[in-house]
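Fold and contact review
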Amino acid sequence: QVLLVESGGDLVQPGGSLRLSCAASGSIFSIDAVAWYRQAPGKERELVAAITEFGSTNYADSVKGRFAISRDNAKNTMYLQMNSLINADTAVYYCNADVRTSWRRPRNYWGQGTQVTVSS
């Protein structure tokens, strides 16, 4: 089985920066697409950023130019660099990944989430 664990969430002031990490562990053959989602209280979970196994990225309009998703395949770790944070970025951030435990079809996994709070 595969486990995704997010870390790096914290309380930060508006305008600050934060880097979230998502470490994948278990019987991993390879990791395909990876995405970061977030969910604020009372709101629907939304896609923040995604990166394919080829390195192609896409971002929600609300974070484009401020956030950057990246991955270190050798470490089975994914990152979300968040800059110029605003109050609206406050949410629980979740890592989501398509992971192969063999050469066969991948399965989708979610992390437990990490809290990001932007407040003055």
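Here the structure is shown first, and the text comes after it.
Note that the structure is a prediction, hence the values are computed from the model and not measured.

Remarks on the overall build of the protein
Regarding its fold elements, the protein presents zero helices and eleven strands. Traced from its N-terminal end to its C-terminal end, the protein shows the element sequence β-β-β-β-β-β-β-β-β-β-β. At 14 Å, the protein has a C-alpha radius of gyration in line with the 14 Å of a compact globule built from 120 residues. Accessible surface, the protein as shown: approximately 6,500 Å² in total, 48% of it carbon and sulfur.

Comments concerning the nonpolar core
In this structure, Leu4, Trp36, Leu80, Met82 and Tyr93 are the most contacted members of the largest nonpolar core, which totals 30 residues. Within the residue set of this core, elements represented by two or more residues are β1 (2–7), β3 (18–26), β4 (30–39), β5 (46–51), β7 (67–72), β8 (77–82), β9 (91–100) and β11 (114–118). Sorting elements by how many residues they give to this core places β9 first, with five residues. Once residues within four sequence positions are removed from consideration, Met82 is found in contact with Gly16, Ser17, Leu18, Leu20, Arg66, Phe67, Tyr93 and Val116.

Structural notes on the packing of aromatic side chains
Going through the model one piece at a time under the given rule, you end up with two aromatic pairs. Arranged with centres 4.9 Å apart and planes meeting at 55 degrees, the rings of Tyr37 and Trp110 form a pair that is tilted. Here Tyr37, found in strand β4, pairs with Trp110, found in strand β10 (residues 107–110); they are 73 residues apart in sequence, far enough to count as distant. Since its relative accessible area comes to 21%, Tyr37 is described here as partly exposed. Taking relative accessible area as the criterion, Trp110 reaches 38% and is therefore assigned partly exposed.

Regarding the sheet that holds β3
The four strands lie next to each other as β1-β3-β8-β7, forming an open sheet whose pairing is antiparallel. A strand with exactly one partner marks an edge of an open sheet, and here the two such strands are β1 and β7. Direction aside, the axes of adjacent strands within the sheet are offset by 15 degrees on average. Sheet topology note: the β7/β8 ladder contains six bridges and is antiparallel. Looking across to β8, one finds that Ile69 is bridged to Leu80.

A closer look at the side chain of Thr77
Within the secondary structure, Thr77 is located in strand β8. A residue is classified by how much of its surface remains accessible, and Thr77, at 11% relative accessible area, is buried. From its side chain, Thr77 meets the backbone oxygen of Lys75 in a polar contact 2.9 Å long. Ignoring any residue separated from it by four or fewer positions in sequence, one finds Thr77 in contact with Ser21, Cys22, Ala23, Arg71 and Asp72.

What to know about the pairing of β1
Only one face of β1 is covered, namely the one carrying Val2, Leu4 and Glu6; the face carrying Leu3, Val5 and Ser7 has none of its residues buried. Sheet analysis places β1 next to β3, joined by six bridges and oriented antiparallel. The residue bridging Val2 from the neighbouring strand is Gly26, located in β3.

Definitions and cut-offs
Residues numbered from 1 in each chain as written. Predicted model: local features only at pLDDT ≥ 70, side-chain atom pairs only at ≥ 80, totals over all residues. Heavy atoms only, no water. Helix = DSSP H or I, 4+ residues; strand = E, 2+ residues; numbered from the N terminus. Rg over C-alpha atoms; globule rule 2.2 N^0.38 Å. Areas by Shrake-Rupley, 256 points an atom, 1.4 Å probe, with all protein chains shown as cover. Core = buried A, V, L, I, M, F, W, Y, C linked by side-chain atoms within 4.5 Å. Buried < 20%, exposed > 50% of the residue type's maximum accessible area, 1.4 Å probe, protein only. Contact = heavy atoms within 4.5 Å. Phe/Tyr/Trp six-rings, centres within 6.5 Å; stacked < 30°, edge-to-face > 60°. Pairing = 2+ DSSP bridges. Axes fitted to C-alpha atoms, helices over the stretch in contact; angles between N-to-C directions. Polar contact = N/O pair within 3.5 Å; in protein donor to acceptor, adjacent residues only side chain to side chain.

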